[in-house]
Amino acid sequence: MNARSLISELVGTFALIFIGAGAVVTTGNIVAIAVSHGLVVAAFAYAYGHHSGSHINPAVTFGMLVAGETSIGTAMGYWIAQFLGGILGALALSFLVVGGAESGLGATVLASGISPIQGLIIEAILTFFLVNTIMNTAVSGKAGSFSGLAIGLTLVFCILMGGHLTGASLNPARSFGPALLTGNLGQLWLYFVGPLFGASAAALLYRVVFKRSN
């Protein structure tokens with residue numbers, strides 16, 4: 001871990017919130033929202049992947065830790081950078097978009113009729129898909145230069161499915177920044193627990209089953 005990798009994680013997470021959550025505020029269109037998030041992840045995978053791995057997601061970093069692909073010291077540094085990037089991204093949105101924090105800043109909340117347990121399970125399953133793709137493309141090295149595209153597309157289809165149900169965060173930093181700035185903290189716990197559980201499951205599957213074949 002070095003300053004370059006921490007800056008990469010901070011800037012990448014800032015971009016994910018500013019562009020992804022910004023699309024929620026400015027368009028409200030699920031396709032635009034999904035594509036915006038996916039493009040940010042794909043672009044920064046290519047831009048910063050060689051510096052930090054471009055996790056830009058505390059759940060991804062947790063998955064890397066569980067899979068034995070990073071150290072606890074590196075993970076902690078990444079988490080600080082990612083959450084700071086999420087807060088700064090939400091601050092920038094609050095200053096720049098019409099209505100400021102009153103716009104909701106793209107905060108991830110459960111849809112009407114979705115219980116916290118249902119929301120947690122949805123976030124866990126979708127995060128499993130995302131981290132599973134990361135492990136079997138970028139980490140394994142099997143997808144070569146196509147790994148960034150595969151990861152970005154995975155985020156797109158996850159948001160297309162779950163966006164109207166939970167906001168399809170899959171990322172504690174993505175949820176934390178807007179929630180902190182809007183004071184909408186009541187459901188925040190499930191956007192931590194669900195993604196961390198899903199990331200752990202994907203990491204263990206990779207470590208126990210798929211990594212052996214590499």
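Here the structure is a predicted model, which is why all the values come from computation and not from measurement.

Asks: In this structure, what is going on with the overall build of the protein? I would like to understand it.
Replies: Scanning the protein for helices and strands turns up eight helices and zero strands. Mapped from its N terminus to its C terminus, the protein presents α and β elements in the order α-α-α-α-α-α-α-α. Whereas a compact globule of 214 residues would reach a radius of gyration of roughly 17 Å, the protein reaches 16 Å, a difference of no more than 12%. Across its three principal directions, the C-alpha atoms of the protein cover 50 × 40 × 30 Å. Expressed as a percentage of its 214 residues, the buried residues of the protein come to 48%. The contacts of the protein with a sequence gap of at least 6 include a subset with a gap of at least 24, amounting to 77%.

Asks: Explanation requested: the environment of Leu153 in the structure shown.
Replies: Considering the arrangement of structural elements, one finds Leu153 in helix α6 (residues 147-162). Here Leu153 falls in the partly exposed class, since its relative accessible area comes to 48%. A C-alpha to C-alpha distance of 22 Å links Leu153 and Phe192, two positions 39 residues apart in sequence.

Asks: Would you mind going over the pattern of salt bridges with me for this structure?
Replies: Two side chains carrying opposite charge are able to pair once their charged atoms lie near each other. For the structure shown, the criterion picks out one salt bridge. The shortest N-O distance in the salt bridge between Glu69 and Lys211 comes to 2.9 Å. Placement of the pair is Glu69 in the loop between α3 (58-66) and α4 (72-96) and Lys211 in the segment after α8 (190-210), with a sequence separation of 142 residues. Judged by relative accessible area, Lys211 falls into the partly exposed class, the value being 33%.

What counts and how
- Throughout, residues of each chain are indexed from 1 in the direction in which the sequence is written.
- Thresholds applied to this predicted model are a pLDDT of at least 70 for local features of residues and 80 or more for the giving and counting of side-chain atom pairs; totals over whole chains, interfaces and linings are not thresholded and use all residues.
- Derived side-chain values reflect all non-hydrogen atoms in the structure, with water molecules and hydrogen atoms excluded from consideration.
- A run of H or I in DSSP counts as a helix once it spans at least four residues, and a run of E counts as a strand once it spans at least two, with each numbered from the N terminus.
- For the radius of gyration, the atom set is restricted to C-alpha positions; the globular benchmark scales as 2.2 Å times the number of residues to the power 0.38.
- Partly exposed residues are those whose accessible area sits between 20% and 50% of the maximum for their type, while under 20% is buried and over 50% is exposed, using a 1.4 Å probe and protein chains only.
- The contact rule is simple, with two residues in contact once any of their heavy atoms fall within 4.5 Å.
- Think of a salt bridge as a Lys or Arg side-chain nitrogen and an Asp or Glu carboxyl oxygen that are within 4 Å of each other.

Functional significance is not addressed by these values, which are geometric in nature.
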